[in-house]
Amino acid sequence: MSQSSFDDELFGEAANEMREDVEEHLAAAREELPPVEAVWETDAENTLGALNALRSALDVGDAEDHLHDAKKWYAMGQRADAFEDADDLKDEIETIDAAISDVEDAREQVGELASTIPSLKGSLEELEADDESDDDEAEESAADDEVEAEEAEAEEEEEEEEE
């Protein structure tokens, strides 16, 4: 076997291994993404619990590391012109990269929303307490007015009787 054919054979073997490495890292990255059920379903008893559970579910784990390794081996293979057809790998890398970005964006937004819920709850509770105290004051005022009206009426009756 000539050196040239030996080099070609080794190069082909290395190219296949490189492609397998990229595919394995892409599969591992895909596995690290949260499952749909974890994002869509919840057992929480309140809004804050639901948001915290969602934020926890929106964790990409090691997906970014696996994607980075896949990109690295893909770039090496591309530069070495080791892949006969790598469009499928490129498409998969872009798809997983976009999914990771979407999950991270959603996690950030859920975190921001979760941090506002306690203060919003407090504000609404204060409004309800103010409304209740206003209602109590209005009831007391109405009762006082009614008592005053009854007293005034009683005084008028007394004055009429005295005349």
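Shown above is the structure to which this text applies.
Caption draft 1: Looking closely at the overall build of the chain. Helices and strands together make up the secondary structure of the chain, namely 5 helices and 0 strands. Of the regular secondary structure in the chain, the N- to C-terminal order runs α-α-α-α-α. A separation threshold of at least 6 residues defines the contact pool for the chain, and within that pool the share at least 24 residues apart is 80%. With an accessible surface of roughly 12,100 Å², the chain has 45% of that area assigned to carbon and sulfur atoms.

Caption draft 2: Quick look at helix α4 (residues 63-79). Taking 1.5 Å per residue, 17 residues should reach 24 Å; α4 reaches 24 Å between its end C-alpha atoms and fits that length. Within the sequence span of α4, burial applies to A63, L67, A70, Y74 and G77. Buried residues of α4 fall within an arc of 90° about the axis and therefore sit on the same side. Residues of α4 that are exposed and point over 90 degrees away from its buried face: H68 and R79. Phi for D81, located one or two positions after α4, is positive at around 55°.

Caption draft 3: Layout of the pattern of salt bridges. This structure, assessed with the given rule, holds 6 salt bridges. Close ionic contact of D88 with R19 constitutes a salt bridge, the shortest N to O distance being 2.5 Å. Of this pair, D88 sits in helix α5 (residues 87-162) while R19 is found in helix α1 (residues 3-32), placing the two residues 69 residues apart along the sequence. The partner of R30 in a salt bridge is E92, with the nearest N and O atoms 2.5 Å apart. On the criterion of sequence distance, the pair formed by R30 in helix α1 and E92 in helix α5 is long-range, its members being 62 residues apart. Exposure remark for E92: the relative accessible area of 23% places this residue in the partly exposed category. Look at the salt bridges and you will find they share partners, linking R19, E23 and D88 into a network.

Caption draft 4: Seen up close, the side chain of H25. Take H25: it is sitting in helix α1. Once you skip the residues sitting within four places of it in the chain, H25 turns out to touch H66, D69, A70 and W73.

Caption draft 5: Spotlight on a nonpolar patch on the surface. Side chains of L120, L124 and L127 sit close together on the surface and give an oily, nonpolar patch of about 280 Å² of accessible area. Along the chain, L124 turns up in helix α5. The exposure class of L124 is partly exposed, given its relative accessible area of 46%.

Caption draft 6: Broad picture of the packing of aromatic side chains. Enumeration over the complete set of coordinates arrives at 1 aromatic pair. Arranged with centres 6.0 Å apart and planes meeting at 20°, the rings of Y74 and F83 form a pair that is stacked. Y74 gets classed as buried once you look at its relative accessible area, which sits at 13%. Since its relative accessible area comes to 8%, F83 is described here as buried.

Caption draft 7: Main features of unusual backbone geometry. The backbone phi angle of D81 is positive, close to 55°, even though this residue is not glycine. Mapped onto the secondary structure, D81 falls in the loop between α4 and α5.

Caption draft 8: Representation of a negative patch on the surface. A contiguous patch of negative charge, built from E31, E32, D59, D62, E64, D65, D102, E104, D105, E108 and E112, is present on the exposed surface. Put simply, the parts of the chain that give the negative patch at least two residues each are α1, α4 and α5. Looking at the negative patch, the element that brings in the most residues is α5, giving 5 residues. For E64, the location among the structural elements is in helix α4.

Rules of the game
- Residues numbered from 1 in each chain as written.
- Predicted model: local features only at pLDDT ≥ 70, side-chain atom pairs only at ≥ 80, totals over all residues.
- Heavy atoms only, no water.
- Helix = DSSP H or I, 4+ residues; strand = E, 2+ residues; numbered from the N terminus.
- Contact = heavy atoms within 4.5 Å.
- Areas by Shrake-Rupley, 256 points an atom, 1.4 Å probe, with all protein chains shown as cover.
- Expected span 1.5 Å × (residues − 1).
- Buried < 20%, exposed > 50% of the residue type's maximum accessible area, 1.4 Å probe, protein only.
- Arc of directions from axis to C-beta.
- Salt bridge = Lys/Arg side-chain N within 4 Å of Asp/Glu carboxyl O.
- Patch = residues over 30% accessible without salt bridge, like charges linked within 9 Å, V, L, I, M, F, W, Y side chains within 5 Å.
- Phe/Tyr/Trp six-rings, centres within 6.5 Å; stacked < 30°, edge-to-face > 60°.
- Lys, Arg positive; Asp, Glu negative; His and termini not counted.
- Charge placed at Lys NZ, Arg CZ, Asp CG, Glu CD.

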